[in-house]
Amino acid sequence: MWGWFHRLGSPKSFYEISGFLLPAMFALAGVLLVTGTVWALGFVPQDYQQGHSVRIMYIHVPAAILAQSGYMMMAAAGAVFLIWRIKLADIALQCAAPIGATLTFLALVTGAIWGKPTWGTLWVWDARLTSTLILFFLYVGVIALRSAMDGRESAGRATAMLAVVGLINLPIIKYSVDWWFTLHQPSSFSLTEKPSMPIEMWLPLLVMVLGFYLFFFSVWAVRIRTEILNREYGTQWVQSL
Amino acid sequence: MNILLATIRRDLLLHFRQPADILNPLVFFLIVISLFPLGIGPSEAVLSSIAAGVIWVAVLLATLLSIDVMLKGDFDDGTLEQIALGKQSLLVVVFGKVISQWLVSGFLMALMSPLFAMMFYVNTEGMIAIAVGLLLGTPTMTLIGSIGAALTLGLKKGGVLIAILVLPLYIPVLILGTAMVESAVFGHSYTGHALWLAALLVLSIGFAPLATQMSIRISLSQ
Amino acid sequence: MVIQLLGSCMLQAKKITCKRDHRVLFEELSFSLDRGSALQVCGINGAGKSTLLRILAGLYEEFDGEVEWDLEDYPLFSGHRAGVKDLMTARENLLWAANLYGQNVSRDEIDEALSQVSLNGFETVACGAMSEGQRRRVGLARLYLLDNPVWILDEPFTAIDTDGVLRITQRINEHLAGDGVVVFASHLEVSIENMQKLELAR
């Protein structure tokens, strides 16, 4: 069982398997994203309060969801690397951070654009936006530590450690920010926590979220493959490619 | 237990022989706080409403400045690797170092804080809440900060990097601490806030030294 | 009747491979050390002597392969950096070192160890006021103070005068006679009994 686990975790077999799966993943991601976008822009009814601007939700919400679960997956890779020393996990962590940070940034920007027609300002210290901002800082920390340690063999473990510490803190930060928000703005209008979203708005959102997930995994895999070639350069199997 | 006391004694001795490392962050704390009335104006209403936030943020920054040197000296002269290879548990030594570090930074700032609260026209209840909150919150900051200090050992740009790594993790403590003061100023009970701060402290006592110990071993591996 | 002999093997290194910056420092390095024997690691600068010693000491963990010590604690390690606090006196430094190894030592024992490295009269001098050689000797005084069976010494003779080198080799021989194990890196030819040499080439 363990032998199998380690073989699957070897960079070489990841490279082979992912090379086989990638075209299908990209194709499916593309189909989902195009379907979701057309559906959201063309067929979803206007919101009775927000009008057309509600459509930005179909980018904002998937990006925000991916920002969060991306951090969790990254930290999980870190934990795997710390415990089992599987090199692929280190590569996965290193490659996930910039994608996650970009999606977090996208969530922030779309949140601001959405905020302009809704609140009249680009930025409001809303609980969700604030914790997304803090999540962005956590990503930046991981990337900054990694790049500061460039060339040091223990960089992977240090970054993994930081990601895991961040993951433990994430729920505490999230709850404290939510609490802070209710404390200061008890009855404010929140962007996405609508009491009941009708199914015709909710279904395209689901399609977009799935599309974002697949897109995330595809880009992640591409980055991992590049990094594998970079690290394993000089080994026999890379030379024979 | 013996080594815990020995560590605290050793680190305090080192601090007192080189007081600049502890005094500079304290002076920084003083200056940052005095800048706010100069920048905002001496209005009593404004100052008293921002007092808690200003003092807490200044403590946060000063803690970061002082945490940078907590492990760096021992790393540079090779005593840290001696500690990591000793028969005594690195975990206990780390805990001892955190305690002595806190005694000369967070603890002193907590003691000084009522004075500043007074200069910012905070009432007596608020002054007490600031001091109590800092007494409960600063050890958590030192504990979490020690992880950042351990991870950035031997890096050239360690100082700024620690801030980036650690400041986001300080947010819950900051939120609770300032909310506690606000509650106190308006005469409400703040036991709940204090208990939450204490809970965070207990959590970080449980986890942070472990993470710091592992991070030290990672940083020594070069 | 089968008598199980206690293995005298103290250290076994199995297929240690270490890379740094995409460069292989050493590959599939295997050796073993018995009680009462020494290993001198030689090689040009950058060959990985310090890295190997740090691996054996348990400090450097980025390698493949196995290092097995028949040992409960970490070995006594003396690295590039003296491991001495400038702000503390020679005596305080050694007392702290003994504390770390959980050993209760008297002031006389400490002063005796200091006199063994010719530092009599420097007991209460802050190490920051000493020369580099003296500071290193404070670190090496631990060899006379602590009873750890395994020593790992990285360039122990750097900044040490001829007389000092003789004394330290003598101390190493004593330690080996008492069934200890010593691994050290040095360019010097020193007369140590029961010693293997490991040449790290690039």
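J.: Can you lay out the interface of chain C and chain A for me, pointing to particular residues and giving the numbers?
T.: Residue-level contacts link eight residues of chain C with eight residues of chain A. Carbon and sulfur atoms supply 29% of the area that chain C and chain A bury against each other, a total of about 620 Å² over both sides. Considering only the side of chain C, the residues that lose the most area to chain A are His22, Glu61 and Glu62 of chain C, jointly responsible for 65% of the buried surface there. A salt bridge links Arg157 of chain A to Glu62 of chain C; the shortest N-O distance between them is 2.6 Å. On inspection of chain C and its partner chain A, the count reaches three residue pairs in polar contact (both at pLDDT 80 or more). Counted by class, the side of chain C that touches chain A contains one nonpolar, one polar and six charged residues.

J.: Explain helix H9 (residues 171–185) of chain B to me, and be specific about the residues and the numbers.
T.: Residues and elements named next belong to chain B. If you check H9, its first and last C-alpha atoms are 21 Å apart, about what 15 residues at 1.5 Å a residue would give, namely 21 Å. The buried count for H9 comes to 12 of 15 residues, which makes it a mostly enclosed element. Three or more residues of H9 are buried, namely Ile171, Pro172, Val173, Ile175, Leu176, Gly177, Thr178, Ala179, Met180, Val181, Ser183 and Ala184. Phi for Gly187, located one or two positions after H9, is positive at around 80 degrees.

J.: So what's going on with the interface of chain B and chain C? Residues and values would help.
T.: Many authors give the size of an interface as the accessible area that is lost as the parts come together. Across the contact, 27 residues belong to chain B and 28 residues belong to chain C. Taken over both partners, the interface formed by chain B and chain C buries close to 2700 Å², and the fraction arising from carbon and sulfur atoms is 53%. Considering only the surface of chain B that becomes buried against chain C, Gln82, Leu85 and Lys87 of chain B emerge as the three largest contributors, covering 27% of it. On the surface where chain B and chain C come into contact, there are six salt bridges. Here chain B is connected to chain C by 16 residue pairs in polar contact (both at pLDDT 80 or more). Every element with two or more residues in the side of chain B that touches chain C is listed here: helix H1 (2–17), helix H3 (44–76), helix H4 (79–85) and helix H10 (191–220) of chain B. Looking at the side of chain B that touches chain C, the element that brings in the most residues is H1 of chain B, giving seven residues.

J.: Explain the environment of Asp147 of chain C residue by residue, including any values.
T.: Among the structural elements, Asp147 of chain C can be located in the loop between helix H5 (142–145) and strand E6 (150–154). The sequence separation of Asp147 of chain C and Gly180 of chain C amounts to 33 residues, and the corresponding C-alpha distance is 9.6 Å.

J.: Report on a nonpolar patch on the surface, specifying residues and quantitative values.
T.: Taken together, the side chains of Leu23, Val27, Leu30, Ile31, Leu35, Phe36, Leu38, Ile40 and Val46 of chain B present a nonpolar region at the surface, about 780 Å² in accessible area. Residue position: Val46 of chain B is located in helix H3.

J.: With reference to specific residues and values, describe the layout of surface pockets.
T.: Roughly 1300 Å³ of internal volume is contained in the largest pocket. At the level of elements, helix H3 (57–84), helix H4 (87–119), helix H5 (127–148), helix H6 (155–184) and helix H7 (199–231) of chain A together with strand E1 (9–20) and strand E2 (23–34) of chain C are the ones that each hand at least two residues to the lining of the largest pocket. Taken together, the residues of the lining of the largest pocket sort by class into 12 nonpolar, 12 polar and 17 charged. Reported here for the second largest pocket is a volume of approximately 770 Å³. If you trace the second largest pocket, you find 31 residues lining it, with Trp180 of chain A together with Gly53, Val57, Leu174 and Thr178 of chain B closest to the centre.

J.: An account of the packing of aromatic side chains is requested, with residue identities and associated values reported.
T.: Considering all chains together, one arrives at 11 aromatic pairs over all chains under this definition. Here Phe217 of chain A and Trp220 of chain A contribute two aromatic rings whose centre-to-centre distance is 6.3 Å and whose plane-to-plane angle is 20 degrees, an arrangement assigned as stacked. Here Phe217 of chain A and its partner Trp220 of chain A are both found in helix H7, three residues apart, which amounts to about one turn of the helix. Classification of Phe217 of chain A by relative accessible area gives partly exposed; the value is 31%. For the ring pair Phe157 of chain C and Phe184 of chain C, a centre distance of 6.2 Å and an interplane angle of 80 degrees mean the geometry is edge-to-face. Taken together, the residues span a long stretch of sequence, with Phe157 of chain C in the loop between E6 and helix H6 (162–177) and Phe184 of chain C in strand E7 (residues 181–185) at a distance of 27 residues. Phe184 of chain C matches Phe157 of chain C in its accessibility class, with the two residues each being buried. Within the aromatic cluster, the residues linked to one another by ring pairs are Tyr213, Phe216, Phe217 and Trp220 of chain A. Above the face of the Tyr15 of chain A ring, Arg225 of chain A is positioned so that its terminal group lies 4.1 Å from the ring centre. The ring of Phe75 of chain B carries Arg81 of chain C above its face, with NZ or CZ at 5.1 Å from the centroid.

J.: Which residues make up the packing of H3 of chain B against helix H8 (residues 158–166) of chain B, and what values go with them?
T.: Any two packed helices are characterised by the angle at which their axes cross and by the distance between the axes. All names here are of chain B. Close contact between H3 and H8 brings their axes to 10 Å; oriented N to C, the two are set at 120 degrees. Classified by the angle between their axes, H3 and H8 sit oblique to one another. The chirality of how H3 crosses H8 is right-handed. Where H3 abuts H8, its residues Leu64, Ile67 and Asp68 lie against Gly159, Ile162, Ala163 and Val166.

J.: I'd like a rundown of the confidence of the model for chain B, residues and numbers included.
T.: Residue and element names in this part refer to chain B. Here chain B shows a mean pLDDT of 93. Residues at 70 or above account for 100%. For chain B, H8 is the element with the lowest average pLDDT, namely 88, and helix H7 (residues 124–151) is the one with the highest, namely 96. Under the prediction, the complex receives an ipTM of 0.91, its pTM being 0.92.

J.: Help me get a handle on empty space enclosed by the protein, residues and values and all.
T.: One pass over the structure, following the stated rule, counts three cavities of 30 Å³ or more. One number sums up the size of the largest cavity: a volume of about 110 Å³. Surrounding the largest cavity, 13 residues form its lining, Gln82 of chain B together with Gly83, Asn93, Ala97 and Arg142 of chain C being those nearest its centre. In terms of residue count, helix H2 (residues 90–100) of chain C provides more of the lining of the largest cavity than any other element does, five residues in total. Here the second largest cavity is characterised by a volume of approximately 60 Å³. As for the second largest cavity, its lining consists of Tyr71, Phe137, Leu138, Gly141, Val142, Leu162 and Gly166 of chain A together with Ile164, Leu165, Pro168 and Leu169 of chain B. Elements with a contribution of two residues or more to the lining of the second largest cavity: H5 and H6 of chain A together with H8 of chain B. The greatest single-element share of the lining of the second largest cavity, amounting to four residues, is contributed by H5 of chain A. Here the residues of the lining of the second largest cavity are counted per class, giving nine nonpolar, two polar and no charged.

Conventions we followed
- For every chain, the first residue of its written sequence is number 1, and the numbers climb from 1 along that sequence.
- As they are written, the chains are lettered A onward and the ligands numbered 1 onward, keeping that order.
- Side-chain atom pairs in this predicted model are given and counted only at pLDDT of 80 or more, local residue features only at pLDDT of at least 70, and totals for whole chains, interfaces and linings cover all residues.
- Calculation of side-chain values draws on the structure's entire complement of heavy atoms; hydrogens and water are dropped beforehand.
- Contacts were defined at the residue level, with two residues in contact if any of their heavy atoms lie within 4.5 Å.
- Buried area is understood as the total, over both parts, of accessible area removed when two parts are fitted together, assessed with a 1.4 Å probe.
- The rule for a salt bridge is simple: a side-chain nitrogen of Lys or Arg has to be within 4 Å of a carboxyl oxygen of Asp or Glu.
- Whenever two N or O atoms come within 3.5 Å, that pair is a polar contact, provided that in protein one can donate a hydrogen and the other can accept it, and provided that, for residues adjacent in sequence, both atoms are side-chain atoms.
- All residues other than Ala, Val, Leu, Ile, Met, Phe, Trp, Tyr, Cys, Pro, Asp, Glu, Lys and Arg, Gly among them, are scored as polar; the first ten of these are nonpolar and the last four charged.
- Helix and strand definitions follow DSSP, with helices as H or I runs of at least four residues and strands as E runs of at least two, each counted in order from the N terminus.
- To estimate how far a helix should reach, multiply one less than its number of residues by 1.5 Å.
- Only protein chains enter the calculation, and the probe is 1.4 Å; a residue is then buried if its accessible area is under 20% of its type maximum, exposed if over 50%, and partly exposed in between.
- Distance thresholds for patches are 9 Å for like charges and 5 Å for nonpolar side chains (Val, Leu, Ile, Met, Phe, Trp, Tyr), applied to residues having over 30% relative accessible area and no salt bridge.
- Values of accessible area rely on a 1.4 Å probe in the Shrake-Rupley scheme; residue burial ignores everything except the protein chains shown.
- Think of a 1 Å grid over just the protein atoms. A cavity is a set of points where a 1.4 Å probe fits yet cannot get out, a pocket is an open set with protein on both sides within 12 Å along at least five of seven lines, and lining residues have an atom within 4 Å of a point.
- Grid points are joined across faces, edges and corners, and a volume is the space filled by probe spheres set on the points.
- The aromatic pairing rule takes the rings of Phe, Tyr and Trp, using the six-membered ring of Trp, and pairs them if the centres are within 6.5 Å, calling planes under 30 degrees apart stacked, those over 60 edge-to-face and the rest tilted.
- Criterion for a charge above a ring: Lys NZ or Arg CZ within 6 Å of the ring centre, and within 35 degrees of the ring normal.
- The axes are straight lines fitted to the C-alpha atoms, using for helices just the contacting stretch, and the angles between their N-to-C directions are given from 0 to 180°.
- Geometric relationships in this document are graded by angle, where less than 35 degrees denotes roughly parallel, more than 145 denotes roughly antiparallel, 65 to 115 denotes roughly perpendicular, and other angles denote oblique.
- Should the near helix be turned anticlockwise from the far one by less than a right angle, the crossing is termed left-handed; should it be turned clockwise, right-handed.
- pLDDT is defined as a per-residue confidence score from the predictor, taking values between 0 and 100.

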